[in-house]
Amino acid sequence: MLRAKYQNVIDDLLSRYPVKQSALLPLLNLAQKEEGYVSQAAMKEIAGILDLTPPQVFETVTFYTMLSLKPIGKFHVQVCRSLMCALVGADNLLGWLQKHLGIGVGQTTQDKMFTLSAVECLGSCGTGPMFQINDDYYERLTEEKVGRILEDLRQTGDCAMKSGPFLL
Ligand code: FES
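Residues numbered from 1 in each chain as written. Predicted model: local features only at pLDDT ≥ 70, side-chain atom pairs only at ≥ 80, totals over all residues.

1. Details of the nonpolar core
For clarity, the threshold we go by: As used throughout, a nonpolar core is a set of buried Ala, Val, Leu, Ile, Met, Phe, Trp, Tyr and Cys residues joined through C-beta atoms within 7 Å of each other. Exposure criterion: with C-beta atoms placed from backbone coordinates, a residue whose C-beta has 20 or more other C-beta atoms within 10 Å is buried, one with 12 or fewer is exposed, and one in between is partly exposed. Put simply, DSSP H or I for four residues or longer makes a helix, DSSP E for two residues or longer makes a strand, and each gets a number counted from the N terminus. Contact criterion: two residues are in contact if their C-beta atoms, reconstructed from the backbone, are within 7 Å.
In terms of nonpolar packing, the biggest core is built from 23 residues, with Val77, Val79, Leu93, Leu97 and Phe131 touching the most fellow members. Tallying contributions element by element places helix H6 (residues 90-101) first for this core, with six residues. Look past the residues within four positions of Val77 in its chain and what remains in contact with it is Leu97, Phe114, Thr115, Leu116, Ser117, Phe131 and Ile133. Of all hydrophobic cores here, the second largest spans 14 residues; its members include Leu24, Leu30, Met43 and Val61.

Right, dumping it as structure tokens:
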């Protein structure tokens with residue numbers, strides 16, 4: 001349970017907002033980092049902390065693509081498929097990834113390393129095609145760069161080609 005392990009963190013998050021319900025996304029992010037996805041138990045606990053109903057929490061989880069209701073791979077690859085990225089090759093990028101990873105959109109590799117998602121605009125429209133992997137953006141992607149990024153992540157768990165963190 002989150003409260004048992006993170007009471008101080010939760011108190012700190014709640015203290016940052018005039019209305020405690022505003023801490024919903026940070027708490028969901030905490031739950032996702034803890035378990036790799038947002039479990040039903042976590043949603044119920046967060047609803048209790050924030051005086052929300054479980055359906056209100058569920059609605060939020062299903063709205064944001066960076067949150068997942070089921071276990072995902074160590075690296076969550078989220079490819080932007082919105083207009084500006086589509087114009088510079090987002091479809092090709094998705095195709096390369098499916099080929100390299102051997103999975104389709106919404107699937108996880110057998111070794112549980114990568115989950116592939118197609119998402120809407122990530123706010124990096126001038127540097128497409130691009131994707132977000134966990135908290136990091138990777139931009140102006142080419143087939144060669146994608147291959148190196150996946151290999152670096154497989155081998156070392158990190159990649160120097162990231163553009164910087166995206167923080168929820
Ligand atoms: S359209 Fe891809 S980041 Fe905005």
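2. Description of the packing of helix H3 (residues 40-50) against helix H4 (residues 54-63)
The condition is simple: In this analysis, axes come from line fits to C-alpha atoms, helices being fitted only over the stretch in contact, and the angle between any two N-to-C directions falls in the range 0 to 180 degrees. Oblique is the label for any angle not under 35 degrees, not over 145, and not in the 65 to 115 range, which are roughly parallel, roughly antiparallel and roughly perpendicular in turn. Left-handed describes a crossing whose near helix is turned anticlockwise from the far helix by less than a right angle; the clockwise case is right-handed. Only Asp, Glu, Lys and Arg are considered charged, only Ala, Val, Leu, Ile, Met, Phe, Trp, Tyr, Cys and Pro nonpolar, and every remaining residue, Gly among them, polar.
In the contact formed by H3 and H4, the axes pass within 8 Å of each other and the chain directions differ by 120°. One element, H3, and the other, H4, form an angle in the oblique class. As for the relative orientation of H3 and H4, their crossing is right-handed in sense. Mapping the contact onto sequence places Met43, Lys44, Ile46 and Ala47 in H3 and Pro54, Gln56, Val57, Phe58 and Val61 in H4. Counted by class, the contact of H3 with H4 contains seven nonpolar, one polar and one charged residues.

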